Amino acid sequence: MKMHILNGGRLRMRKSVYLPGADRAETIDLPVSCVLLRHAQGNVLFDTGCHPSTVEDAASRWGTMAKAMVPIGAPHENVISGLAELGITPDDVDVVVNSHFHSDHCGCNEFFRSATVICHAKELEAAQGADAVQRGYIPADWQHPMPTDAIEAQRDLFGDGRLVLLPLPGHTPGTLGAMVGLDRDGSFLLTADAVALRANLDQEIMPRNTWNPDAATQSLQEIRKIQAAGATVLFGHDAQQWDELRKGAKFYE
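Since this is a predicted model, take the numbers as computed values, not measurements.

Draft legend 1. Local environment of the environment of Ala40. Looking at where Ala40 falls in the secondary structure, it is placed in the loop between strand E2 (27-39) and strand E3 (42-46). Its relative accessible area of 84% is what places Ala40 among the exposed residues. A sequence separation of 206 residues divides Ala40 from Arg246, and the C-alpha atoms of the two residues are 21 Å apart.

See the structure below:
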């Protein structure tokens, strides 16, 4: 299996969202990552990043949320362009796994019309709630006609231990992570916003946009166990780690 890390956009936000001790006027630039997993049984995309239209007019899609989460990427910085550089079209993707349904993680779902979307059942329920938009769930991002498989527990996607989806609730009710087992480069844990920045894990700093701190703490404890067992943890938005990773055609295997 090969793992390609793709650019799903870039955002500027208040640093205090992720590191509450920071000055509220201070901002932080965040990478948005998507991960393509090329398995013998199919192509899996973990998260789809920001919708391309948000680069030019985020407010039309995100409403007032665009004031707090500002796209700063170039027009080509999106998962569709990243896949094209690998010779892959959206129709070549068999499965889209959404870690959760916030806009920077499912914004390009609409392009993957041939895929089955996998999410956690509690995340789908949250996105359908009466207060969903106020909680950051935009229907244009996640509400599409593709088949949806809403899981409720850990799932070994292909039955061979190479790609195992793990519930990591806390950031949202149904946040999912993924354990990836590679022959040469070892094990990776894709955490998305279960751990947005390295400091959130290393220093036990809880972001302000955490849905349930107790659940998030339990997920951090599970992530630490997996890390201690030798897995490399891939954080959701850590700029330093992003700069150090192989990206695009420079894959892991």
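Draft legend 2. Just the pairing of strand E10 (residues 176-182), in detail. The buried fraction of E10 amounts to seven of the seven residues, a majority that puts the element mostly inside the structure. Alternating positions in E10 separate into two faces, Leu176, Ala178, Val180 and Leu182 on one and Gly177, Met179 and Gly181 on the other, with burial throughout. Note that strand E9 (residues 163-167) and E10 share five bridges and pair antiparallel. From the neighbouring strand, Leu163 faces E10, where its bridge partner is Val180. Looking at chain direction, E10 and strand E11 (residues 186-192) are connected through five bridges and run antiparallel. Paired with Leu182 across the bridge in E11 is Gly186. Where E10 hands over to E11, the hairpin turn is made up of three residues, counted between the paired strands.

Draft legend 3. Representation of the sheet that holds strand E12 (residues 232-235) within the structure. Here five strands make up an open sheet; going across it, the order is E8-E9-E10-E11-E12 and the pairing mixed. Pairing within the sheet leaves two strands with one partner each, and these edge strands are strand E8 (155-156) and E12. Packed onto the sheet, helix H7 (residues 213-228) meets E9, E10, E11 and E12 and runs at close to 160 degrees relative to E11.

Draft legend 4. Local environment of the sheet that holds strand E1 (residues 2-14). Taken in spatial order, the seven strands line up as E4-E1-E2-E3-E5-E6-E7 in an open sheet, and their pairing is mixed. Of all the strands in the sheet, just strand E4 (70-71) and strand E7 (148-151) have a single pairing partner and so form its edges. Note that E1 and E2 share eleven bridges and pair antiparallel. Directly across from Asn7, in E2, lies its bridge partner Ser33.

Draft legend 5. Structural detail: helix H1 (residues 54-62). Within the span of H1, buried status applies to Thr54, Ala58, Arg61 and Trp62. Considered in projection along H1, the buried side chains sweep an arc of 95 degrees and stay on one side of the axis. Turned more than 90 degrees from where H1 packs its buried face, Glu56 and Ser60 sit exposed. Those residues of H1 that are buried lie in contact with E1, E4, helix H3 (103-106) and helix H5 (139-142). Following H1 by one or two positions, Gly63 adopts a phi angle in the positive range, close to 65 degrees.

Draft legend 6. Structural detail: the nonpolar core. Among the nonpolar cores identified, the biggest contains 26 residues, and Met3 and Val180 are the most heavily contacted of them. Those elements that provide at least two residues to this core are E1, E2, E3, strand E5 (95-97), E9, E10 and E11. Residue contributions to this core peak at four residues, all from E10. Residues in contact with Met3, not counting those within four places in the same chain, are Val35, Leu36, Leu37, Val180, Leu182, Phe188, Leu190, Leu234, Phe251 and Tyr252. Val17, Trp62, Ala196 and Ala199 belong to the second largest nonpolar core, which has 17 residues in total.

Procedures and definitions
Residues numbered from 1 in each chain as written. Predicted model: local features only at pLDDT ≥ 70, side-chain atom pairs only at ≥ 80, totals over all residues. Heavy atoms only, no water. Helix = DSSP H or I, 4+ residues; strand = E, 2+ residues; numbered from the N terminus. Buried < 20%, exposed > 50% of the residue type's maximum accessible area, 1.4 Å probe, protein only. Pairing = 2+ DSSP bridges. Contact = heavy atoms within 4.5 Å. Axes fitted to C-alpha atoms, helices over the stretch in contact; angles between N-to-C directions. Arc of directions from axis to C-beta. Core = buried A, V, L, I, M, F, W, Y, C linked by side-chain atoms within 4.5 Å.

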